[in-house]
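Structural features, examined
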Amino acid sequence: MVQTSTSASAAPPALELSRVVKSFGAVVALSSGSLTLEQGSIHALIGENGAGKSTLVKIVAGLYRRDSGDFRLRGEDVDFSNTAQSKAAGIAVIYQEPTLFPDLSVTENIFMGRQPTNRFGRIDRKAMRAEAVEIFERLGVRLDPDRLTEGLSIADQQIIEIAKAISLDARVLIMDEPTAALSGVEVERLFAVARSLRDEGRALLFISHRFDEVFDLCDTVTVMRDGKYIDTMPISETSIDELVRLMVGRDVTEMFPKLPAEVGEDVLVVEGLTSPGVFHDISFTVRSGEIVGLAGLVGAGRSEVVRAIFGVDHYESGTVRVNGAPLRKGRPTAAMAQGIALVPEDRRKQGLVLDQSVTRNVTLAIRKRLAKWGLIWGGLENAAAEIWASRLEVKTAALDAETGTLSGGNQQKVVLGKWLSTEPKVLIVDEPTRGIDVGTKAEVHRLISKLAQEGLAIIMISSELPEVLGMADRVLVMREGRLTGEFERADATPEAVMFAATAEGAAA
Amino acid sequence: MTSAIDTEHGRRTYSAHAHPLWRRLLVTRESAIIGLLFLVVLVATIAVPNFDSPLTLTFLIREIAPILLIALPMTLIIITEEIDLSVASIVGLSSVVTGLGVQAGWPLPFAAVVAILVGTVAGSINGALVTFVGLPSLAVTIGTLALFRGIAVGLLGTTAISDFPEFWTDLTRMNIPGTPMPLIIVPFLVLAIIFGVLLHFTPFGRSLYAIGLNKEAAAFSGINVGLTKFWLFVMSGAVSGYAGVYFTLLYNNARGDNATGLELQIIAAVLLGGVSIFGGRGALPGVIAGVLLIGTLSSALRLAGVTSDIINVITGVLLVASVVSASFLAWLRTKRVSAIGRKKGRAEASDG
């Protein structure tokens, strides 16, 4: 059932897993994992969170040992008990956020722990640097091999990880959601590198939640669901609809359920908001019942604008008014008191205290409101947390479970619950579905749509164009710190929005 | 609002806690320290002659009272991932101010209030440097440790003032009538309740833990991180000032070098009591038990004729062991990730 690419030559598959089982105690994380990576091909692995993708990758990387099933590399049975063994066998895993040594140079990071030495036993810096330069040339990327890795973008850090893999002559490269934090240009560069690696005959596994990327880059795709292999097919013979259906096991009738909402009064009015070097002269209005999408490339200043509105960042000039009342700048408490809620971009760093319980996280923003006579009791917190956890269907064993142990989608629900519990009038969501699975994504979309229907004014920032276009009543576009476009839902075509987001001289 | 989120799946219910109450109460660092304290008391009562004498308790509490007092604000500061190394110097400064005031003919209560105010100002200097200048508290309070001590010694030179009104020195050494318990336990208990409620039962306390674990998320939740820290350093200064007055009257002695090195004993006791030096974890009952444990242990060993250098070694080993055990427990928890996965799996399975 795994073998679909019968056209393969005599060369054995670079990597082959069949009917791999892995369980933790009584729970089966992977009940039947199968995957065949051909040499010289890019293979996509997709599935909802919890489908078993990560478990499969960890088995390949040597982090977990499988309970049963076959694992072959180039036709030979292998069995890894640690990551060093899998590296030695030519497998490299590039994670979403690479872990490099910030105080070492790019070259040193590539050769960390296995620096070439000269005949005196000292590190041969020249040889090391020459090899780094050669690898970068082969990849067609420009990266100074002598600079410190500190301050490099995540995209550049991933390139270093890839360079490391190549210097080890890895035959199998696994990229676990590499594009989640990259901008459009960076994604293009990564894909160019990936294609050149494929053309060198390496096998690549690409894990992503973004279908457009899967279709753009990959040759074949494997779908997993509930710890099981579902199907493998050439990318040219499938469609987004089919993949989604296979992933969720049911028809997703509507990924973006836009409900009719009554658009009312102006709620949030922003005028001439300026912070030198960050954003300039930003003016817009959000009415009750309206979802305003804020589109643009990563780095266009969208998050900075909403952070300034919420008061986490300062701005130099301009005004923000909520229901006519001016908002004090630089004070999140003032913004919260006037009914603004911000679900921030980075839920792990900004949205949640991962080491604390679900309860503490849900009630953190309303802790003062929960207090009676200035005192707060666990019972009050638990009651409030239970309401929001159940309304949002957070999947957790108990409310005192550390939030960090929840899946990404459930963590995002906790952040949403935390802010909805403040009963906001203006809800700002910054990348609300980044890195969460398709099913939860649709749930979040449905929730946002219903909140708008109930009269909330909503600002939604998203780097996924289909999401913005599918959800928003109105789309604002930012480029390099300025508003460069405003489109009503009917006029917001992907082309028009992308033009405003990228083209020089595009104006509102 | 409800209808916005209710879905066709219907309501879920949640248990508030993954473990039963006894387990949450007993399987903690705090209860381990409290248990150890009782064990030490028990063994010492049986094995060490004179340990069960009421005088032992009197002297013990008298002696560790400054540590008990200052450990309260120190706990809050360390929970926010900061530190205050200048507390002992503030004790010294306050002691000198009390002495100079009495020497100048002020009534003692007035001198004491001025000393506490000086301590409060010293604390607010720490707080301002940390909050408004944005310096790390470790660097700031190493600096003010030297600065405040320097001012204290500079004001009084190498002399000492020791003619304090007998009424006040006697009061300081007094026991609660009919018990061997020194009177200082009363203000301590009042402060302990205030700090305990503040830390464990107020929105302010909730914000301290959030700050200690993730400052950015705290700021995004509407917590004024800077101002919160500022007030903690002010509290620390005020309590240290009060401890300085107590120290002076207890030993009938105001000197610039009073309580030198006390900050390390305080921090050691707070860490032993289960507060994480990385912030975000710890509870006040554990800290109080930690101070009492160190105090009781050294008092018992001293009565058993153990020399003070050996006592230091034992206290040091205890502290290292407690820090290592914390790391060990953290390691154990990561090992149990699979167990958490199992719970999550079950939750999802019951989802239908």
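Now for a quick tour of the structure. (Residues numbered from 1 in each chain as written. Chains lettered and ligands numbered in written order. Predicted model: local features only at pLDDT ≥ 70, side-chain atom pairs only at ≥ 80, totals over all residues. Heavy atoms only, no water.)

1. What about the overall build of chain B?
Test applied: Secondary structure elements are defined from DSSP: runs of H or I of at least 4 residues count as helices, runs of E of at least 2 residues count as strands, and each element is numbered from the N terminus. Exposure categories follow from relative accessible area, calculated using a 1.4 Å probe and restricted to protein chains: below 20% of the type maximum is buried, above 50% is exposed, and the middle band is partly exposed. We call two residues contacting when some pair of their heavy atoms lies within 4.5 Å. For accessible areas, the Shrake-Rupley method is used with a probe of radius 1.4 Å. Any residue's cover is judged against the shown protein chains and nothing else. Positive charge is attributed to Lys and Arg, negative charge to Asp and Glu, and no charge count is given to His or to the chain ends. Here the site of a charge means NZ on Lys, CZ on Arg, CG on Asp, or CD on Glu.
Of the regular secondary structure elements, chain B holds 16 helices and zero strands. Taking the principal axes of the C-alpha coordinates as reference, chain B spans close to 80 × 55 × 35 Å. The buried share of chain B, taken over its 352 residues, is 47%. When contacts within chain B are restricted to residue pairs at least 6 apart in sequence, those whose partners lie at least 24 apart make up 79%. For chain B, the accessible surface area stands at approximately 15900 Å², while carbon and sulfur atoms represent 71% of it. With 21 positive and 17 negative side-chain charges, chain B shows a separation of 11 Å between the mean positions of the two kinds.

2. Let's talk about the packing of aromatic side chains
For clarity, the threshold we go by: Whether two aromatic rings pair depends on their centres lying within 6.5 Å, for rings of Phe, Tyr and Trp, where Trp uses its six-membered ring; planes under 30 degrees apart make the pair stacked, over 60 edge-to-face, and the rest tilted. Should the NZ of a Lys or the CZ of an Arg lie within 6 Å of a ring centre and within 35 degrees of the ring normal, that charge is described as sitting over the ring.
Enumeration according to the criterion identifies nine aromatic pairs over all chains in this entry. Ring geometry for Phe230 of chain B versus Trp231 of chain B: centroids 5.4 Å apart, planes at 75 degrees, classification edge-to-face. Since its relative accessible area comes to 14%, Phe230 of chain B is described here as buried. Through a chain of ring-to-ring contacts, three or more aromatic side chains come together here, namely Phe132, Phe230 and Trp231 of chain B. One residue, Lys329 of chain A, lies across the ring of Tyr315 of chain A, its end atom 5.1 Å from the ring centre. Positioned over the ring face of Trp388 of chain A is Arg391 of chain A, at 4.8 Å from the centre of the ring.

3. Structural notes on helix α8 (residues 240–248) of chain A
Residues of α8 of chain A that are buried: Leu243, Val244, Leu246, Met247 and Val248 of chain A. Contacts from the buried residues of α8 of chain A go to β3 (41–46), α7 (211–217), β9 (220–225), β10 (228–234) and α16 (438–453) of chain A.

4. Concerning the sheet that holds strand β13 (residues 291–296) of chain A
Each strand in a sheet pairs with another by means of backbone hydrogen bonds, the pair being arranged parallel or else antiparallel. Residue and element names in this part refer to chain A. For clarity, the cut-off: When DSSP finds two or more bridges between two strands, those strands count as paired. In this analysis, axes come from line fits to C-alpha atoms, helices being fitted only over the stretch in contact, and the angle between any two N-to-C directions falls in the range 0 to 180 degrees.
If you walk across this open sheet you meet the six strands as β16-β17-β18-β13-β19-β20, and the pairing is mixed. Sheet topology places β16 (340–343) and β20 (482–488) at the edges, where each strand pairs with a single neighbour. Pairwise comparison of adjacent strand axes, ignoring direction, gives a mean angle of 20 degrees for this sheet. Taken together, the five bridges between β13 and strand β19 (residues 474–479) define a ladder with parallel strand orientation. Looking at β19, one finds that Gly296 is bridged to Met478.

5. A few points about the sheet that holds strand β12 (residues 279–287) of chain A
Residues and elements named next belong to chain A. Spatial ordering of the open sheet is given by β12-β11-β14-β15, a layout of four strands whose pairing is antiparallel. With partners counted over all chains shown, the strands left at the sheet margins are β12 and β15 (325–326), one partner each. Pairing between strand β11 (residues 266–275) and β12: six bridges, direction antiparallel. Bridge pairing in β12 places Leu268 opposite Val286. Against the sheet, helix α9 (residues 302–310) contacts β11, β12 and β14 (317–322), and its axis sits at roughly 70 degrees relative to β12.

6. A short note on the nonpolar core
The line we're drawing: Buried Ala, Val, Leu, Ile, Met, Phe, Trp, Tyr and Cys residues that are joined via side-chain atoms within 4.5 Å together make up what is termed a nonpolar core.
With 67 residues, the main nonpolar core has Leu268, Leu273, Phe284, Ile309, Ile340 and Leu427 of chain A as its most contacted residues. Filtering out sequence-adjacent residues up to four positions away, Leu273 of chain A remains in contact with Phe279, His280, Asp281, Ile282, Val305, Ala308, Ile309, Tyr315, Ser317, Gly318, Thr319 and Val320 of chain A. Within the second largest apolar cluster, 59 residues are counted, among which are Phe188, Leu208, Ala289 and Leu301 of chain B.

7. Quick word on unusual backbone geometry
All names here are of chain A. One non-glycine residue, Trp373, lies in positive phi territory at about 55 degrees. Tracing the sequence through the fold places Trp373 in the loop between α13 (367–370) and α14 (378–391). When its relative accessible area of 88% is taken as the criterion, Trp373 is described as exposed. One non-glycine residue, Glu393, adopts positive backbone phi at about 55 degrees. On the secondary structure map, Glu393 appears in the loop between α14 and α15 (408–420). You can call Glu393 buried: its relative accessible area is 7%.

8. With respect to the environment of Leu168 of chain A
Within the element layout of this structure, Leu168 of chain A appears in the loop between α5 (154–167) and β7 (172–176). Expressed as a C-alpha distance, the spacing of Leu168 of chain A and Ile110 of chain A, which sit 58 residues apart in the sequence, is 9.5 Å.

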